[in-house]
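Below, each chain spelled out in residue letters.
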Amino acid sequence: MGPRRPRRKDEIILLTTLQEVLKIAEDTGTAIPAFNIDNLEGPEALVEAGEAENCPLILTVGQGAINAGQLWYLADIVKRLASQTKIPLVLHLDHGVSYEQTVLCLRAGFTSVMYDGSHHPFEENVRESQAVVRSAHAVGVSVECELGAISGVEDGISHKNVNLVDLQEVEQFIAVVDCDALAVGIGNAHGMYQGTPNLDFDRLAACRALGTPPLVLHGGSGTPDDMIRKAIQLGIRKVNVATELRMAFMEGLEATVGQRDFYGMYRQAKTNMYELARKKIRLFQGK
Ligand code: 13P
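What comes next is a walk through the structure.

Thresholds, definitions, all that
- Residues numbered from 1 in each chain as written.
- Predicted model: local features only at pLDDT ≥ 70, side-chain atom pairs only at ≥ 80, totals over all residues.
- Heavy atoms only, no water.
- Helix = DSSP H or I, 4+ residues; strand = E, 2+ residues; numbered from the N terminus.
- Rg over C-alpha atoms; globule rule 2.2 N^0.38 Å.
- Contact = heavy atoms within 4.5 Å.
- Areas by Shrake-Rupley, 256 points an atom, 1.4 Å probe, with all protein chains shown as cover.
- Near = heavy atom within 4 Å.
- Polar contact = N/O pair within 3.5 Å; in protein donor to acceptor, adjacent residues only side chain to side chain.
- Pairing = 2+ DSSP bridges.
- Axes fitted to C-alpha atoms, helices over the stretch in contact; angles between N-to-C directions.
- Phe/Tyr/Trp six-rings, centres within 6.5 Å; stacked < 30°, edge-to-face > 60°.

1. Focus: the overall build of the protein chain
A count of helical and extended segments in the protein chain gives 11 helices and 11 strands. By the compact-globule yardstick of 19 Å for 287 residues, the protein chain fits well, its C-alpha radius of gyration being 18 Å. Overall size of the protein chain, expressed as C-alpha extent along the three principal axes, is 55 × 50 × 35 Å. Put simply, of all contacts in the protein chain between residues at least 6 apart along the chain, 70% involve residues at least 24 apart. Carbon together with sulfur atoms contributes 50% to the accessible area of the protein chain, which is approximately 13,000 Å² in total.

2. Re the site of the ligand
In the neighbourhood of the ligand, 15 residues make up the surrounding shell, with Asp-94, Gly-219, Ser-221, Ala-242 and Thr-243 lying closest. At a separation of 2.6 Å, an oxygen atom of the ligand approaches a polar side-chain atom of Asp-94. Here Thr-243 contributes a side-chain N or O atom positioned 2.5 Å from an oxygen atom of the ligand. When the ligand is considered free in solution it has 310 Å² of accessible area, and contact with the protein chains removes 100% of it. Looking at the shell around the ligand, the elements with two or more residues in it are strand E3 (89-96), strand E9 (189-190) and strand E11 (236-241).

3. Thoughts on the sheet that holds strand E4 (residues 112-115)
One closed barrel holds the 8 strands; their spatial order is E1-E2-E3-E4-E5-E8-E10-E11, and the pairing between them is parallel. Each strand axis lies, on average, 25° off the axis of its neighbour in the sheet, ignoring direction. Bridging between E4 and strand E5 (residues 142-147) involves 4 bridges; their strand directions are parallel. Residue pairing across strands places Val-113 opposite Val-143, the latter belonging to E5.

4. Observations concerning the packing of aromatic side chains
Describing an aromatic ring pair means giving the distance of the ring centres and the angle of the ring planes. In this structure the tally under the stated criterion is 4 aromatic pairs. Arranged with centres 5.3 Å apart and planes meeting at 90°, the rings of Phe-262 and Tyr-263 form a pair that is edge-to-face. Consider the rings of Phe-262 and Tyr-266, whose centres lie 5.3 Å apart with planes at 65°: the pair is edge-to-face. You can see Phe-262 and its partner Tyr-266 sitting in helix H11 (residues 262-284), 4 residues apart, about one turn around the helix.

So, in structure tokens, the structure goes:
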């Protein structure tokens, strides 16, 4: 991508950009975890897990959280956590629905925005993605785009069919859209899989061979470990996980609700999420 606006001297920048952490992933042949956040306790547990594994994290605000009115609160929480931790933290918008929403996130201090135009006609996806890249890059913020709409239901956005990314579209897209990361549909889906996912690894390898920016695997929940390892080996540099983390958290609440210990419930929920996050981080780091 092009030159960046130099940081102003009085700007205290505690957050890291997606571009910076993906560089680490490229250099080490690993993937950076992108964990969705929805409340205060989740990001606290996730950052503790990242610290325990000494791994950068992408904390992701999705449409469900935004629809619940959490955008600004979650941005503040992540900034606060970034001021207290040594691990690099990226504040990222997941599946941005419009140019306007990505601009709102620039104002809220996000260091990375995803614009998901994959369900629009290709030309419109290109045009809108270009506009997002232009605005975000002007203020040093990274951009993730998407091709081949990922199936399943993510925060109320549903794609019923498994959409495999079209290689010709990938080639055309990366020639004109200077994004920092590209999410591709290779048979992956949001939510828990019923049975084993059928991931098209040949297509993933072919995407990478076209010289794409670092590739992103959405729908990380329930994907068998060996498939995750293979995807990373073939060029996936960011893996998104939401559903499994939320389930772990909720199971912690369920297991302890009868004790009628308010803080005890959240402790258990956080412990569950922390342990699962550490497991995922180790997997993505090839440990
Ligand atoms: P899962 O809910 O399947 O983990 O997917 C998360 C995701 O891809 C967020 O964009």
